[in-house]
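# Structure at a glance
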Amino acid sequence: MIHPKTFQKKLTEKIQIEQEHKVFFTRSLFSKENETLLNAFEDNRPVKALVLLDRNLLTFMPKLENTIQSWFENHNDSFVSIPKILELPGGEAIKNDWRYIEKIWGHIEKEHLCRHSYIIAIGGGSLMDAVGFAASTAHRGIRIIRVPTTCLAQADSGVGVKNGVNRLGKKNWIGNFSIPKCVINDSHFLEHIPYALFREGLAEAIKVSLIKKECFFSWIEKNKEAIKLQKKEVVEELIYQSASLHFDHICNSGDPFEIGSSRPLDFGHWSAHKLEQISSFAINHGEAVSIGIAVDICYAHNIGMLSEIDKNRILNLLIHFEFTLYNEHLDDYDTNGKRVVIEGIEEFREHLGGELSIPLLTQIGSMKNVHKIDKFKMAQAFREVKEIHLKQ
Ligand SMILES: NC(=O)c1ccc[n+]([C@@H]2O[C@H](COP(=O)([O-])OP(=O)(O)OC[C@H]3O[C@@H](n4cnc5c(N)ncnc54)[C@H](O)[C@@H]3O)[C@@H](O)[C@H]2O)c1
Ligand SMILES: [Zn+2]
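Here is what the cut-offs are and how they apply
- Residues numbered from 1 in each chain as written.
- Chains lettered and ligands numbered in written order.
- Predicted model: local features only at pLDDT ≥ 70, side-chain atom pairs only at ≥ 80, totals over all residues.
- Heavy atoms only, no water.
- Helix = DSSP H or I, 4+ residues; strand = E, 2+ residues; numbered from the N terminus.
- Donors = N, O, S within 2.8 Å, 3.2 Å for Na, K, Ca; no water.
- Buried < 20%, exposed > 50% of the residue type's maximum accessible area, 1.4 Å probe, protein only.
- Axes fitted to C-alpha atoms, helices over the stretch in contact; angles between N-to-C directions.
- Parallel < 35°, antiparallel > 145°, perpendicular 65-115°, else oblique.
- Contact = heavy atoms within 4.5 Å.
- Salt bridge = Lys/Arg side-chain N within 4 Å of Asp/Glu carboxyl O.
- Core = buried A, V, L, I, M, F, W, Y, C linked by side-chain atoms within 4.5 Å.
- Domains from an automatic or database assignment.
- Pairing = 2+ DSSP bridges.
- Near = heavy atom within 4 Å.
- Polar contact = N/O pair within 3.5 Å; in protein donor to acceptor, adjacent residues only side chain to side chain.
- Areas by Shrake-Rupley, 256 points an atom, 1.4 Å probe, with all protein chains shown as cover.
- Nonpolar A, V, L, I, M, F, W, Y, C, P; charged D, E, K, R; others polar.
- Phe/Tyr/Trp six-rings, centres within 6.5 Å; stacked < 30°, edge-to-face > 60°.
- Lys NZ or Arg CZ within 6 Å of the ring centre and 35° of its normal.
- Buried area = accessible area lost by both parts, 1.4 Å probe.

## Remarks on unusual backbone geometry
Cis geometry is adopted by the peptide bond preceding Pro46, which originates at Arg45 and carries an omega value of 0°. Inspection of the secondary structure assignment puts Pro46 in the loop between α1 (36-40) and β2 (49-54). The phi dihedral of His139 falls on the positive side, at around 50°, and the residue is not glycine. Note that His139 resides in the loop between α6 (125-137) and β5 (143-148). Positive phi outside glycine occurs at Asn172, with the angle close to 50°. Within the element layout of this structure, Asn172 appears in strand β7 (residues 170-177).

## Thoughts on the coordination of the zinc ion (ligand 2)
On the protein side, the zinc ion (ligand 2) has Glu204 (OE), His269 (NE2) and His285 (NE2) as donor atoms, found 2.0 to 2.2 Å from it. Spacing between the donor residues of the zinc ion (ligand 2) along the chain follows E-x64-H-x15-H. In this pair, His269 sits in helix α12 (residues 269-278) while His285 sits in helix α13 (residues 285-302), placing the two residues 16 residues apart along the sequence. The same class applies to His269 and to His285, which are both buried.

## Side note on the packing of helix α8 (residues 195-212) against helix α9 (residues 214-222)
Two elements in contact, α8 and α9, have axes separated by 6 Å at closest approach and are oriented at 140°. With respect to α9, the axis of α8 lies oblique. Residues Ala205, Ile206, Val208, Ser209, Leu210 and Lys212 of α8 pack against Glu214, Phe216, Phe217 and Ile220 of α9.

## Overview of the pattern of salt bridges
A full pass over the atoms with the stated rule returns 23 salt bridges. Notably, a salt bridge pairs Arg263 with Glu258, separated by 2.7 Å at the nearest N-O pair. Its salt-bridge partner being Asp331, residue Lys386 comes within 3.7 Å of it at the nearest N-O pair. In this pair, Lys386 sits in helix α16 (residues 375-391) while Asp331 sits in the loop between α14 (308-320) and α15 (343-352), placing the two residues 55 residues apart along the sequence.

## Overview of the nonpolar core
Nonpolar side chains in soluble globular proteins tend to end up buried together. With 67 residues, the main nonpolar core has Ile206 and Ile314 as its most contacted residues. The biggest single contributor to this core is α13, with 10 residues. Here this core spans two domains, and each of domain 1 (23-192) and domain 2 (196-391) adds at least three residues to it. Those residues within four positions of Ile314 in sequence are excluded, and the remaining contacts are Leu210, Phe217, Ile293, Ile297, Leu306, Leu361 and Ile364.

## Considering the sheet that holds strand β1 (residues 23-26)
Strands pair in a sheet through their backbones, by hydrogen bonds, and they do so in one of two ways: parallel or antiparallel. Pairing in this open sheet of 6 strands is parallel, and the strands run β1-β8-β5-β4-β2-β3 from one edge to the other. With partners counted over all chains shown, the strands left at the sheet margins are β1 and β3 (84-88), one partner each. Sheet twist, expressed as the mean angle between neighbouring strand axes with direction ignored, is 20°. Note: β1 against strand β8 (residues 182-186), 4 bridges, orientation parallel. Looking at the pairing, Thr26 lines up with Asp186 of β8. Together, β2, β3, β4 (118-123) and β5 form the strand contacts of α6, whose direction differs from that of β4 by roughly 165°.

## Things to note about the site of ligand 1
Taken together, 23 residues sit near ligand 1, with Asp54, Gly125, Ser126, Thr149 and Thr150 positioned nearest. One of the backbone N or O atoms of Gly125 is found 2.7 Å from an oxygen atom in ligand 1. About the coverage of ligand 1: the protein hides 88% of its 860 Å² of free accessible area. Contributing elements (two or more residues each) for the shell around ligand 1: α2 (57-60), α6, α7 (151-155) and β7. Sorting elements by how many residues they give to the shell around ligand 1 places α6 first, with 3 residues. Residue composition of the shell around ligand 1, grouped by class: 7 nonpolar, 10 polar and 6 charged.

## Structural notes on the packing of aromatic side chains
Applying the stated criterion across every chain yields a total of 12 aromatic pairs. Ring centres of Phe25 and Tyr240 lie 4.9 Å apart, and the angle between their planes is 70°; on these two criteria the pair is classed as edge-to-face. Taken as a pair, Phe25 in strand β1 and Tyr240 in helix α11 (residues 232-252) lie far apart in primary sequence, 215 residues in all. Assessed through its relative accessible area of 37%, Phe25 is described here as partly exposed. Put simply, the rings of Phe30, Phe41, Trp71, Phe72, Phe79 and Tyr118 pair up and form one aromatic cluster. Residue placement shows Arg199 over the ring face of Phe323; its charged tip is 5.1 Å from the ring centre.

## Let's talk about α12
Count 3.6 residues to each turn of an α-helix, and residues three or four apart come out pointing the same way. Taken across its 10 residues, α12 has 8 buried, putting it largely inside the fold. Inspection of α12 places His269, Trp270, Ser271, Ala272, Lys274, Leu275, Glu276 and Ile278 among the buried residues, and these make up the whole buried set. Residue Ser280 follows α12 closely and has a positive phi angle near 50°.

## So, the domain arrangement of the protein chain
We note that the domain assignment places domain 1 (23-192) and domain 2 (196-391) within the protein chain. Of note, the centres of domain 1 and domain 2, computed from C-alpha atoms alone, are 28 Å apart. With 23 residues of domain 1 at the interface, the matching set in domain 2 holds 29 residues. Across the interface of domain 1 and domain 2, roughly 2,300 Å² is buried in total on both sides, 68% from carbon and sulfur atoms. At the surface where domain 1 touches domain 2, the tally comes to 6 salt bridges. Residue Arg27 is joined to Glu233 by a salt bridge in which the shortest nitrogen-to-oxygen separation is 3.6 Å. Summed over the shared surface of domain 1 and domain 2, the result is 8 residue pairs in polar contact (both at pLDDT 80 or more). The set of elements that each furnish at least two residues to the side of domain 1 that touches domain 2 consists of β1, α7 and β7. Here the side of domain 1 that touches domain 2 is built from residues that sort into 10 nonpolar, 7 polar and 6 charged.

Structure (structure tokens):
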């Protein structure tokens, strides 16, 4: 008899899957003559499709549903049948309630979509995360075309490959990675966006400039007045630059599915995620990110990693855009006298797995991961952002 310990066989092979990631930039995707969406289907036409639309868009664009409907009717030869347009709630609400995922699965089933069909998701980053999750799990993955409609989703999350919903009181606790068939950034959606919502994406654009490209940060500084006024061409350039840097990182960093422990695009995010959670999501993501950036640059300066000049340049730009750099939840303590936001460090590590890796700036345009945080110097950073906030 062969002893179980001596019986060993192994099969190994590298599985290489080539997938293309594509982002189109356009104006007025659903205007009669715009064919960007048709190009996205490549030569698979006629296709079966279902449109899932962020309901809140209709407040700003009441004719949107009719416009989309007319566009499909004008291009009906590219579709098996005119796609249904279904409205869903936008914002964090869709990620907080599992019933919406089941609802989307229900629609997919009812419309008899298969793995060759398309879901066209039009909405903010929250809708994108939830619909992306439902689409990538139904039939083990239905093709999805993302049409992000907020500044944040066009500049950052929408061009990514992550999906997620909130569970167990934690953000994105359930989710997966899947590459959309393509992403279409249409600047028309940003034309009527309120400044507060616009700034959410601006925070991510500043973030990515800080870790990746000094000249993009300088460009933002130079165009800060036009950006604040949301001038169309400048906004288009801001989105393009930010999306390109996020896109480049995903495609070329060698870790698109975040298997390693390093996550530079989450610069300023360890405290941001925790702040969103402590405030029961009363603090929105962009606001939390600007606080997170402010805290981390003050900390990087305190430990001698970042120069005072760079620190002040960044803080001044954030202040110019009227970002808040402090929130009282930074000073919440639990019953054991521990600062609650600090738990975000361990939660950040746990979410990524492996060793703690917090991205910090060494100068504008470059970053380094640190694997330990000096809690005393971090507390100093919290005090500093509070002082700046009180002076503002
Ligand atoms: N998957 C990722 O890689 C990733 C990365 C960063 C952030 N995110 C997630 O993205 C979400 C935030 O996304 P968001 O900032 O796009 O906000 P959002 O999707 O929550 O939308 C905010 C509000 O704006 C509305 N809205 C959408 N488009 C609009 C428009 N053109 N004009 C006016 N209102 C509009 C929405 O309906 C909602 O009420 C968070 O849940 C965050 O966790 C995901
Ligand atoms: Zn973010």
